[in-house]
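# Secondary and tertiary structure notes
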Amino acid sequence: QVRLVESGGGLVQAGGSLRLSCAASGRIFSINAMGWYRQAPGKQRELVAKIITSGGSTNYADSVKGRFTISRDNAENTVYLQMNSLKPEDTAVYYCNGNIKEFSLYRFRDYWGQGTQVTVSS
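What you are looking at is a predicted structure, and each value in this text was computed from that prediction instead of being measured.

Turning our attention to the state of the cysteines. A full pass over the atoms with the stated rule returns one disulfide. Between C22 and C96 runs a disulfide, and the two sulfur atoms are separated by 2.0 Å. Across the disulfide from C22 to C96, rotation about the S-S bond amounts to roughly -85 degrees, and the bridge is consequently left-handed. Of this pair, C22 sits in strand 3 (residues 18-26) while C96 sits in strand 9 (residues 92-102); the two residues are 74 residues apart in sequence, bridging distant segments of the chain.

Moving on, we come to the pattern of salt bridges. Enumeration according to the criterion identifies four salt bridges in this entry. As a salt-bridge pair, R38 and D90 come within 2.9 Å of each other at their nearest N and O atoms. With R38 in strand 4 (residues 28-39) and D90 in the loop between strand 8 (78-83) and strand 9, the pair connects residues that are 52 residues apart, well separated along the chain. Taking the shortest distance from any N to any O, the salt bridge between D62 and K65 comes out at 3.1 Å.

With that out of the way, let us pick up the environment of Q117. Tracing the backbone through its elements, the reader meets Q117 in strand 11 (residues 116-121). Overall, the relative accessible area of 38% leaves Q117 in the partly exposed class. Taking the C-alpha atoms as reference points, Q117 and V93, 24 residues apart in sequence, are found 4.4 Å from one another. In this structure Q117 touches G9, G10, T91, A92 and V93, once residues within four positions along its chain are discounted. From its side chain, Q117 meets the backbone oxygen of A92 in a polar contact 3.4 Å long. A polar side-chain atom of Q117 sits 3.3 Å from a polar atom in the side chain of T119.

With that out of the way, let us pick up unusual backbone geometry. Unusually for a residue other than glycine, N77 sits at a positive phi of about 50 degrees. Considering the arrangement of structural elements, one finds N77 in the loop between strand 7 (68-73) and strand 8. In this structure, S85 is a non-glycine residue whose phi angle is positive, near 50 degrees. Tracing the chain through its elements places S85 in the loop between strand 8 and strand 9.

The rules behind each value
Residues numbered from 1 in each chain as written. Predicted model: local features only at pLDDT ≥ 70, side-chain atom pairs only at ≥ 80, totals over all residues. Heavy atoms only, no water. Disulfide = S-S within 2.5 Å. Helix = DSSP H or I, 4+ residues; strand = E, 2+ residues; numbered from the N terminus. Salt bridge = Lys/Arg side-chain N within 4 Å of Asp/Glu carboxyl O. Buried < 20%, exposed > 50% of the residue type's maximum accessible area, 1.4 Å probe, protein only. Contact = heavy atoms within 4.5 Å. Polar contact = N/O pair within 3.5 Å; in protein donor to acceptor, adjacent residues only side chain to side chain.

Here is the structure:
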């Protein structure tokens with residue numbers, strides 16, 4: 001079984017910064033990609049940023065480009081999201097996602113963390 005555990009959320013004033021972390025653990029054979037999604041009240045969950053394990057290519061939502069940076073530590077199966085110049089509209093629950101293959105399975109599947117609240121005050 002695979003588990004994703006997030007940390008680093010909290011309350012910050014507009015213009016401030018936060019850093020989210022997500023560590024994957026368990027019977028991990030391979031990680032294809034890891035990323036961050038967010039869901040604000042009354043809205044659908046949306047992709048914030050994603051990073052491919054092999055090669056490190058990234059993609060970002062247009063709303064966070066230039067402000068957020070995703071990075072990873074492959075040795076630790078950990079992904080980070082550095083969030084700068086935060087805006088009130090960034091307020092949401094942030095979820096870590098991993099596209100991971102377990103030792104016991106034949107294909108990759110998506111796993112999710114429990115979510116961490118990010119609140120940006122104006």
